[in-house]
Amino acid sequence: MRPPRLTFRQWVGWIGFALVFLLTAATAVWRGDILRAGLDPQVPFQTYEPPPAPDYSTPAAWAMSEARAPDAGPAAVFFVHSTTYNGGRHWNGPIGDRDADAWLMRVVIPNYAGPFADLGAVSVPRYRQGSLYTRLTLRDDAREARAFAYQDVEAAFEAWIARHPQGPVVLAGVEQGGELIERLLRERVAPDAALRERLVAAYLMDVVAAADGLSREIPACASRERTGCVVGFSPVGEGNDGAARRRLRRALVWDGRGRLVELGQRPALCVNPLTGSTSTEPAPARLNRGATNATGLEWGARPALLAREVAAQCRGGLLRYSKPESESFRPAGGWADRRKSRPYNLFYGDIEADAQARLAAWQATHGV
């Protein structure tokens, strides 16, 4: 007995179903590439006209300026934020972009500037940041856009340091901000002996930096008692070896001419925030002073800390950490948001304690 023949309408239905299935499968496989392509400015950086430069003598150029928590210490803190602008039209984000500012104020400042609130006056400049797209490709255009952002950070620093001609200073940045702080240390702070003497520490959070690229005058922090040094680390979860390999393979670091070049086989910087040292020994979770999800908190509001949440070890130039148990530390948000700095800080309490200990050590040395 012959099987029944399909009608024309049935053929159309099956073909339509197959096309929908193929389209859905293709979208699932190439979704990242499709979304990434949507962020490409589609113009060479060499012919791109960047947004107007910020004027750091005006309040609009600062997300926060001289913000002090109650009973804060005597330090001045210069904090450079991570990527908050997705891209699309611009290689470098315009000052005052509404969505970028919202992510900065709601996510980045509470989670990453928050640990420094008790040190003293905290200032956070806005700058023409390299867009998220510049972090997702190794194209020369993207490297130039990331390097372009440095001129704003340097200008902001000059305006800020003029307001703080003396006393202890702390420099800190996360992701792109930490990358720019590292260059600032090498080109502006290291050559200035008086300024070096005032440096409590510099914090490069979620940054791959070349260990041998640090200034001789401002080395990695070998212990928590040291001052005038760098605490830098790039965290990757234990067991996520693929991400670790990609992180190092795609890492870009500064060369002597202010260009971003591949890290290659050079060793990466890792100072364990649980110990405040360059030790490669595992640091157990009992040393973790507190992870937190501070997203949405107002400045000055202290978040609840979950102590003993993660263990961590400097290994292969990266900070490998154990999986946290709390649901507060799960990835969230859309495709672009998941490629920005995490909307929580597993080492909030550790960085806070580290910075306070180094400030106390600096004060003891300088009789302040």
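Fair warning: this is a prediction, and the values are worked out from it, not measured in the lab.

*Asks:* So what's going on with the state of the cysteines? Residues and values would help.
*Replies:* Taken as a whole and assessed by the stated rule, the structure comprises two disulfides. Linked covalently through their sulfurs, C221 and C229 form a disulfide whose S-S length is 2.0 Å. Of note, the bridge from C221 to C229 carries an S-S torsion of about 95° and is right-handed in sense. In this pair, the class of C221 matches that of C229, namely buried.

*Asks:* Quick one: what's the story with a positive patch on the surface, residue by residue and with numbers?
*Replies:* A cluster of like positive charges, contributed by R245, R246, R249 and R250, occupies part of the molecular surface. Within the element layout of this structure, R245 appears in helix α6 (residues 241-249).

*Asks:* Account for the side chain of S131, with residues named and values stated.
*Replies:* Assignment of secondary structure puts S131 in the loop between β3 (120-125) and α3 (140-163). If we ignore the near neighbours within four places in the chain, the residues touching S131 are T83, Y85, N86, G87, H90 and W91.

*Asks:* Let's hear about the pairing of strand β11 (residues 318-321): which residues, and what values?
*Replies:* Regular strands have side chains that alternate between both faces of the sheet. What you see with β11 is no split at all: L318 and R320 on one side and L319 and Y321 on the other are buried throughout. Summarising the sheet, strand β7 (residues 235-237) and β11 pair through three bridges and their orientation is parallel. Following the sheet pairing, P235 is matched in β11 by L319. Relative to β11, strand β10 (residues 312-315) is paired through four bridges, and the arrangement is antiparallel.

*Asks:* Account for the packing of aromatic side chains, naming residues and giving values.
*Replies:* Working definition: an aromatic ring pair is given by the centre-to-centre distance plus the angle between the planes. Inspection of every chain in the model, using the stated rule, returns 11 aromatic pairs. Grouping aromatic residues by their ring pairs yields a cluster made of F45, Y48 and F148. The positively charged end of K340 is found above the aromatic ring belonging to W103, 4.8 Å away from the centroid.

*Asks:* Explain the sheet that holds strand β6 (residues 229-233) residue by residue, including any values.
*Replies:* An order of β1-β3-β2-β4-β5-β6 is seen for the six strands of this open sheet, with the pairing classed as mixed. In the strand order of this sheet, the two ends are held by β1 (62-67) and β6, each with one partner. For this sheet the average axis-to-axis angle between neighbouring strands, irrespective of direction, equals 15°. Pairing between strand β5 (residues 199-205) and β6: five bridges, direction parallel. When the sheet's bridge partners are listed, M205 is paired in β6 with F233.

*Asks:* Give a detailed account of helix α7 (residues 348-366), specifying residues and quantitative values.
*Replies:* Here α7 is 19 residues long and its end C-alpha atoms lie 27 Å apart, about the 27 Å a rise of 1.5 Å per residue gives. Within α7 the residues assigned to the buried category are Y348, G349, D350, I351, E352, D354, A355, R358, L359, W362 and Q363. Count one or two residues on from α7 and you reach G367, which has phi positive near 65°.

*Asks:* Break down the nonpolar core for me, with residues and values.
*Replies:* Core analysis: the biggest nonpolar cluster contains 83 residues, and F78, F116, L171 and F347 have the highest contact counts within it. In terms of residues, this core owes the most to one element, α3, which gives eight residues. Look past the residues within four positions of F78 in its chain and what remains in contact with it is W62, S123, P125, V153, A156, F157, W160, V170, L171, A172, I181 and L184.

*Asks:* Requested: an account of the packing of α3 against helix α4 (residues 176-189), with residues and values cited.
*Replies:* Contact geometry of α3 with α4 gives a least axis separation of 9 Å together with a crossing angle of 65°. Seen from above, α3 lies across α4 with right-handed handedness. Judged by residue contacts, R146, A147, A149, Y150, V153, E154, F157, E158 and I161 of α3 engage Q176, E179, L180, R183, L184, E187, R188 and V189 from α4.

What counts, and where the lines are drawn
Residue numbering note: each chain is counted from 1, following its sequence as written. Where totals are concerned, whole chains, interfaces and linings use all residues; where local detail is concerned, this predicted model gives features only for residues with pLDDT of at least 70, and gives and counts side-chain atom pairs only at 80 or more. No hydrogens and no water enter the side-chain calculation; it runs on all heavy atoms of the structure. Here, a disulfide means two cysteine sulfur atoms that sit within 2.5 Å of each other. For every residue, the accessible area obtained with a 1.4 Å probe (protein chains only) is divided by the maximum for its type, and the residue is called buried under 20%, exposed over 50%, and partly exposed between those limits. What goes into a patch is any residue over 30% in relative accessible area without a salt bridge, connected to like charges within 9 Å or, for nonpolar side chains (Val, Leu, Ile, Met, Phe, Trp, Tyr), within 5 Å. The accessible surface values rely on the Shrake-Rupley method and a 1.4 Å probe; as for residues, cover is taken only from the protein chains in view. Counted as salt bridges are all cases of a side-chain nitrogen of Lys or Arg within 4 Å of a carboxyl oxygen of Asp or Glu. Within this scheme the basic residues Lys and Arg register as positive and the acidic residues Asp and Glu register as negative, but His and the chain ends are omitted. Taken as the charge centre is NZ of Lys, CZ of Arg, CG of Asp or CD of Glu, depending on the residue. Only runs of H or I of at least four residues qualify as helices and only runs of E of at least two qualify as strands under DSSP, and these elements are numbered from the N terminus. Contacts are assigned to residue pairs with any non-hydrogen atoms lying within 4.5 Å of each other. Criterion used throughout: strands pair if DSSP finds at least two bridges between them. Two rings belonging to Phe, Tyr or Trp (six-membered ring only in the last case) form a pair when the distance between their centres is within 6.5 Å. Interplanar angles under 30 degrees mark stacking, angles over 60 mark edge-to-face geometry, and anything in between is tilted. Distance and angle both matter: a charge sits over a ring if NZ of Lys or CZ of Arg is within 6 Å of the ring centre and within 35 degrees of the ring normal. For helices, the fitted line uses only the C-alpha atoms of the stretch in contact; every axis is such a line through C-alpha atoms, and the angle between N-to-C directions lies from 0 to 180 degrees. Given a helix with a known number of residues, its expected span is that number minus one, times 1.5 Å. Joining through side-chain atoms within 4.5 Å is the link that ties buried Ala, Val, Leu, Ile, Met, Phe, Trp, Tyr and Cys residues into a set, and such a set is a nonpolar core. Left-handed describes a crossing whose near helix is turned anticlockwise from the far helix by less than a right angle; the clockwise case is right-handed.

Remember, this is a structural readout, not a statement about activity or role.
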